[in-house]
Amino acid sequence: MARLASAGILLYRQRGATLEVFLVHPGGPFWKNKDEGAWSIPKGEAEPGAELLETALREFREETGTQASGDFTALAPLKQKSGKLVHAWALRGDLDAETLVSSTFEMEWPPRSEKMQRFPEVDRGAWLTPDEARRKIVAGQRGFIDQLQALFAPV
């Protein structure tokens, strides 16, 4: 069955006149040496019939160890190359990237070794300027950065 939707939170903050966004780097051996084009908003797959904002909140908590709360601004969903839609909400907030605590997953590693190893879903997080974030984030999510910046553009 095809994955239909993911949901996540684009956390942002203002540092003086500078806008920053919080992105996470996926954990596990496949992503270990990948940086540019590998980062993401904290997000995850929605179960069929699930409330998407609730999914986004759950995934944010699982991937950061922090409960998100506040005034959420829905962003326009983005269609990924795979055909999956990613739904996101912008949220003003702050968290210490150094204290990020992620849930884990288990997989056979190395392949065909019959050894199961546990890895964090997210191995690190970082606050980035929009320009830095555009370089780091997976291509299909760059539009979220653009949408957030449009919210701050002078009228």
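Our structure is the block above this text.
Conventions we followed
Residues numbered from 1 in each chain as written. Predicted model: local features only at pLDDT ≥ 70, side-chain atom pairs only at ≥ 80, totals over all residues. Heavy atoms only, no water. Phe/Tyr/Trp six-rings, centres within 6.5 Å; stacked < 30°, edge-to-face > 60°. Helix = DSSP H or I, 4+ residues; strand = E, 2+ residues; numbered from the N terminus. Buried < 20%, exposed > 50% of the residue type's maximum accessible area, 1.4 Å probe, protein only. Core = buried A, V, L, I, M, F, W, Y, C linked by side-chain atoms within 4.5 Å. Contact = heavy atoms within 4.5 Å. Polar contact = N/O pair within 3.5 Å; in protein donor to acceptor, adjacent residues only side chain to side chain.

J.: Before we go on, may I ask you to explain the packing of aromatic side chains in this structure?
T.: The geometry of an aromatic ring pair comes down to the distance between the two centres and the angle between the two planes. What the rule picks out here adds up to four aromatic pairs. Aromatic side chains Phe22 and Trp127 sit 5.3 Å apart centroid to centroid with 55 degrees between the ring planes, which places their arrangement in the tilted category. Here Trp127 lies in strand β8 (residues 122–128) and Phe22 lies in strand β2 (residues 18–26), a separation of 105 residues in the sequence. What makes Phe22 buried here is its relative accessible area of 0%.

J.: Teacher, can you tell me more about the nonpolar core here?
T.: Nonpolar side chains tend toward joint burial in soluble globular proteins. Grouped together as the largest cluster of nonpolar side chains are 20 residues, with contacts concentrated most on Leu10, Val21, Leu23, Ile41, Phe144 and Leu148. Mapped by element, the contributors of at least two residues to this core are β1 (5–15), β2, β4 (73–79), β5 (85–92), β8 and α3 (142–152). Apart from the residues lying within four places of it in its own chain, the contact partners of Ile41 are Gly8, Ile9, Leu10, Leu23, Val24, Glu63, Ala88, Ile137, Gln141 and Phe144.

J.: How do you make sense of the environment of Glu63 when you look at a structure like this?
T.: Take Glu63: it is sitting in helix α1 (residues 52–64). Judged by its relative accessible area of 7%, Glu63 falls in the buried class. Sequence separation between Glu63 and Arg124 is 61 residues; the distance between their C-alpha atoms is 9.4 Å. Among the polar contacts made by the side chain of Glu63, one reaches the main-chain amide nitrogen of Lys43 at a distance of 3.3 Å.

Keep in mind these values describe shape, not function.
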